[in-house]
Amino acid sequence: MKGIFFAIMLILPVLAMADDDCATRRDVPDGVQSLQDVIKLGLCRNPQTAAAYASLRASHFNKNAGYANYLPSVSAGVNASKNFAQSSDTLHPNYDWGYGASISASYLIFDFGRRTADMNQMIAAYRAAGFDFSSTVQNFVYGLVGSYYELLNADADVESAWSALTVAQTAYDTANKKFKAGAVARADVLKAETTLASAKLSLERSKNNREITKGTLLTKLSFPADGDITIADMSSSFGTEAENESIDELLKVAREKRPDLLKASANKDAAWHKRNSAFLRNLPSISASGSVSWGDDSLGDVFSPNSNKVNGSIGIRASMPIFAGFANMYGLRAAEADYDRAKYNEQQTANAAELDVFTAYNNYKTAQTVLEQTKALLKSATESEKVTSGMYKVGRATMLDWQTAQSELVSAQKQNNAAKYDLFIKRAAVALAIGDLKSELEGNKDE
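Values in this document were obtained by computation on a predicted structure and should not be read as measured data. (Residues numbered from 1 in each chain as written. Predicted model: local features only at pLDDT ≥ 70, side-chain atom pairs only at ≥ 80, totals over all residues. Heavy atoms only, no water.)

Peer 1: What am I meant to see in the overall build of the protein chain here?
Peer 2: Check the secondary structure of the protein chain and you find 10 helices and six strands. Taken over 447 residues, the protein chain has a buried fraction of 36%. For the protein chain, contacts bridging at least 24 residues in sequence account for 80% of all contacts bridging at least 6. Accessible surface, the protein chain as shown: approximately 25,000 Å² in total, 55% of it carbon and sulfur. (Helix = DSSP H or I, 4+ residues; strand = E, 2+ residues; numbered from the N terminus. Buried < 20%, exposed > 50% of the residue type's maximum accessible area, 1.4 Å probe, protein only. Contact = heavy atoms within 4.5 Å. Areas by Shrake-Rupley, 256 points an atom, 1.4 Å probe, with all protein chains shown as cover.)

Written out as C-alpha cells, the structure is:
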C-alpha cells in the first residue's frame, strides 16, 4: 500500500501551511520561490489534485461501507392506521385506530465467502483509486517542474539577449568610431547597425517569451497570468554517466512504484474478487433473524412485555437462488470477461510503462551528451567572438567576420540554456516514468 501514499507524502509539506492563506490568496508570495515552494503552492491551490483527493476519499468511505456486511442489521418501525369497517345491519361505517411498533434484527452467518469476496473487491478498488490519485499528483507536479525549468530557460535567454545586445552595441560603437577616423567604410557601420537592430528585436522576443512562460506557470498555480513571480535558478550539478542506472534497475523500480502499473494490478485483483463473488451468488446462504412487535387498537392500554399484544420470533434461515431469469449466469460470464479485460489491460500498461522508461532513459542520456556538446560549443563561440572583435579593432578582420562570430555566440548561448534546463526536465521525466518523482524532488533540494 505504500505506493498509494506517494502523493500524500508530497502533500504533507502543504499541510504545514494550513495556517497560511495558501488556498485563498490572490497574489504570489513575496521573495524568491524555490522549486519546492512552487510545488507546495500548486498542490495547495490546484483544483485537479483536490478533485482527485475527493474521489479517493469517496472510495475510502465506500470501502468502509463494505464492512457493514459483517455486522448485524437492525431496523425499527412504528405505525398508526385507521381501519374501516361497515356493519351488516346499518349503512353507517365505523372507524377504529390501530397502533403498533416493531424491531427486527438479522445476521448473515455463512455465505461460502461471498461477502469476503465483495469486501476484497472494494479494498482493491480503493487501492486502485489511491494509485490513480498518486498518478494525478505526479503528473501535475511533473507539469509544474517542466514549467519551472522553462521559465528559468526563458530568463536565461533574456540574459543572453542582453549580452548579445551589449556586444552588438560595442561592435556598432567601434565601427562608427573607425568610420569617423577613416579606417573603414560606411558599410561596416551599416552592418553593425543592422546587427544591433536585430539584437534589440531578439531581446524583445525573448522578453515576450518569458512573459508567456511565466503566465503559464502562474496559471498552473491558479494565479492570474499577468502576475509576477521570481524563482530560484538551479545549477546542473548532475548528468554524469556515473550516476546512470541500468535500464533493468529502472524497470525494477517502475514495477514497484509506478502508479498506473499498481493501479492496473489493483483493478485486476478487484475484477478477480468480483468474478468470485458472482460465482458465490449461486450458492446458499445461512442467516439468523429475530423480531419483536407490539400492536393495539386503542391508546388506553399501556405497553407491557407480558401482554398478549406483544409478539416475537427468532430463527435461522437458509436460502439458495434456483432461478433468476439467467441473471446470475450472465452476471458470472460478464465478471469473467471483466477479469480477462483487466488482465489484458495490466499487460498493456506494463508494455507502455516499459516503453516510457526506455524512452525517458535514452532521452536523458542524450540530454547529457547534448549539454556537454553545447558547453564546448559555447566556449568555442565565446573565444571566437573575443578573438574576432580584437582582430576587427586592429583591422585584421571584417565586420562580416565579427557579425558571424556574434551570431554564432548567440546561437551557442541559446543552445546551452536549452540543453541545461532540458536536462532537468529529462531527468524528471525518468523519475516520472519509474513512478519515483518524490525522490527526484528531494534530490534537487541539495543541488
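Peer 1: Can you help me understand the environment of Gln33 in this one?
Peer 2: Looking at the secondary structure, you find Gln33 in strand β1 (residues 32-33). Considering only alpha carbons, one finds Gln33 and Ile229, 196 residues apart in sequence, at a separation of 7.6 Å. Setting aside residues up to four positions removed in sequence, Gln33 forms contacts with Val38, Leu41, Tyr148, Ile229, Thr230, Ile231 and Ala232. A distance of 3.3 Å separates the side chain of Gln33 from the backbone oxygen of Gly31, its partner in a polar contact. (Polar contact = N/O pair within 3.5 Å; in protein donor to acceptor, adjacent residues only side chain to side chain.)

Peer 1: Please clarify how the packing of helix α6 (residues 247-257) against helix α7 (residues 259-280) should be interpreted in this entry.
Peer 2: Packed helices, taken two at a time, are described by their axes: the angle between them and the distance between them. Contact pair α6 / α7: the axes reach a minimum separation of 6 Å and the direction vectors enclose 50°. In terms of axis orientation, α6 runs oblique to α7. Crossing handedness for the pair α6 and α7: right-handed. Contacts between α6 and α7 involve Ala254, Arg255, Glu256 and Lys257 from the first element and Pro259, Leu261 and Leu262 from the second. Residues that form the contact of α6 with α7 fall into these classes: four nonpolar, no polar and three charged. (Axes fitted to C-alpha atoms, helices over the stretch in contact; angles between N-to-C directions. Parallel < 35°, antiparallel > 145°, perpendicular 65-115°, else oblique. Left-handed = near helix turned anticlockwise from the far one by under 90°. Nonpolar A, V, L, I, M, F, W, Y, C, P; charged D, E, K, R; others polar.)

Peer 1: Would you mind showing me how to read the pattern of salt bridges here?
Peer 2: Side chains that carry opposite charge are capable of pairing whenever their charged atoms lie near each other. This structure, assessed with the given rule, holds 16 salt bridges. Where Asp269 meets Arg127, a salt bridge forms, and the shortest distance between an N and an O atom there is 3.9 Å. A residue pair is termed long-range when its members are at least 10 positions apart, and Asp269 in helix α7 and Arg127 in helix α4 (residues 114-180) qualify at 142 residues. A relative accessible area of 29% means that Asp269 is categorised as partly exposed. One salt bridge connects Arg341 with Asp338, and the closest N-O pair in it is separated by 3.3 Å. Here Arg341 pairs with Asp338, and both are found in helix α8 (residues 327-393), just three residues apart, close to one helical turn. (Salt bridge = Lys/Arg side-chain N within 4 Å of Asp/Glu carboxyl O.)

Peer 1: Just to check I follow, could you spell out the nonpolar core for this structure?
Peer 2: Counting 35 residues, the largest nonpolar core has Val38, Tyr148, Tyr149, Leu217, Leu221, Ile229 and Ile231 as the members making the most contacts within it. Only α2 (35-45), α3 (47-65), α4, α5 (186-220) and α9 (399-433) provide two or more residues apiece to this core. The dominant element in this core, judged by the number of residues it contributes, is α4, at 13 residues. The contacts of Ile229, once residues within four sequence positions are left out, are Val28, Gln33, Val38, Leu151, Lys214, Leu217, Leu218 and Leu221. Counting residues in each nonpolar core, the second largest holds 15 residues, with Val357, Tyr364, Ala367 and Ala433 among its members. (Core = buried A, V, L, I, M, F, W, Y, C linked by side-chain atoms within 4.5 Å.)

Peer 1: What is the right way to read α4 from this model?
Peer 2: Because the α-helix completes a turn every 3.6 residues, residues three or four places apart line up on one side. Over its 67 residues, α4 runs 98 Å from end to end, which matches the ideal 99 Å to within 8%, given 1.5 Å per residue. Note on α4: the residue one or two positions beyond its end, Gly182, has a positive phi of about 80°. (Expected span 1.5 Å × (residues − 1).)

Peer 1: Looking at this structure, how should I read a nonpolar patch on the surface?
Peer 2: Nonpolar side chains collect at one region of the surface, where Tyr107, Ile109, Phe110, Phe112, Ile286 and Ile316 lie side by side and expose about 560 Å² of accessible area between them. By secondary structure assignment, the location of Tyr107 is in strand β3 (residues 93-110). Of the residues examined, Tyr107 reaches a relative accessible area of 33% and is grouped as partly exposed. (Patch = residues over 30% accessible without salt bridge, like charges linked within 9 Å, V, L, I, M, F, W, Y side chains within 5 Å.)

Peer 1: Mind showing me how you'd approach the pairing of strand β6 (residues 310-319) here?
Peer 2: Within a regular strand, side chains alternate between the sheet's two faces. Of all 10 residues that make up β6, zero are buried, and the element is exposed over most of its length. As paired elements, strand β5 (residues 285-296) and β6 share 10 bridges and run antiparallel to each other. Residue pairing in the sheet places Gly290 in a bridge with Ile314 of β6. (Pairing = 2+ DSSP bridges.)

Peer 1: Is there a simple way to explain unusual backbone geometry in this structure?
Peer 2: Most of the time, phi is negative for any residue but glycine, and the peptide bond is trans. Positive phi is not limited to glycine here, since Ser222 has a value of about 65°. When you line up the elements, Ser222 lands in the loop between α5 and β4 (230-231). Judged by relative accessible area, which is 33%, Ser222 ranks as partly exposed. Within the chain, Phe326 stands out as a residue other than glycine whose phi angle is a positive 65°. Among the residues examined, Phe326 registers a relative accessible area of 48% and is labelled partly exposed.

Peer 1: I'm lost on α7 in this one. Help?
Peer 2: Helix length check: α7, at 22 residues, gives a terminal C-alpha distance of 31 Å against a target of 32 Å (1.5 Å per residue), a fit within 8%. Within the span of α7, buried status applies to Pro259, Leu261, Leu262, Ala264, Ala266, Ala270, Ala271, His273, Ser277, Ala278 and Leu280. In this structure, the buried side of α7 is in contact with α4, α6 and α8.

Peer 1: What exactly am I supposed to notice about the packing of α4 against α9 here?
Peer 2: It is at 10 Å that the axes of α4 and α9 come closest, and there the two elements cross at 170°. The angle between α4 and α9 places the two elements in the roughly antiparallel class.

Peer 1: Honestly, the side chain of Arg45 in this entry has me stumped. Any pointers?
Peer 2: Along the polypeptide, Arg45 turns up in helix α2. Of note is the side chain of Arg45, whose polar atom sits 2.8 Å from the backbone oxygen of Arg25. Not counting the four nearest positions on each side in its chain, Arg45 is found in contact with Cys22, Ala23, Thr24, Arg25, Leu221, Ser222 and Phe223.

Peer 1: Explanation requested: the packing of aromatic side chains in the structure shown.
Peer 2: Two aromatic rings, taken as a pair, are described by how far apart their centres are and by the angle between their planes. Summed over the entire model, instances satisfying the criterion amount to seven aromatic pairs. Centroid distance Tyr148 to Tyr149: 5.9 Å. Interplanar angle 80°. Geometry classified as edge-to-face. You can call Tyr149 buried: its relative accessible area is 0%. When the ring of Tyr421 is compared with that of Phe424, the centres are 6.3 Å apart and the planes differ by 25°; the resulting orientation is stacked. Remark: Phe424 and Tyr421 occur in helix α9; sequence separation between them is three residues, near one turn of the helix. The same class applies to Tyr421 and to Phe424, which are both buried. We note Arg45 situated over the ring of Phe223; from NZ or CZ to the ring centre the distance is 3.9 Å. (Phe/Tyr/Trp six-rings, centres within 6.5 Å; stacked < 30°, edge-to-face > 60°. Lys NZ or Arg CZ within 6 Å of the ring centre and 35° of its normal.)

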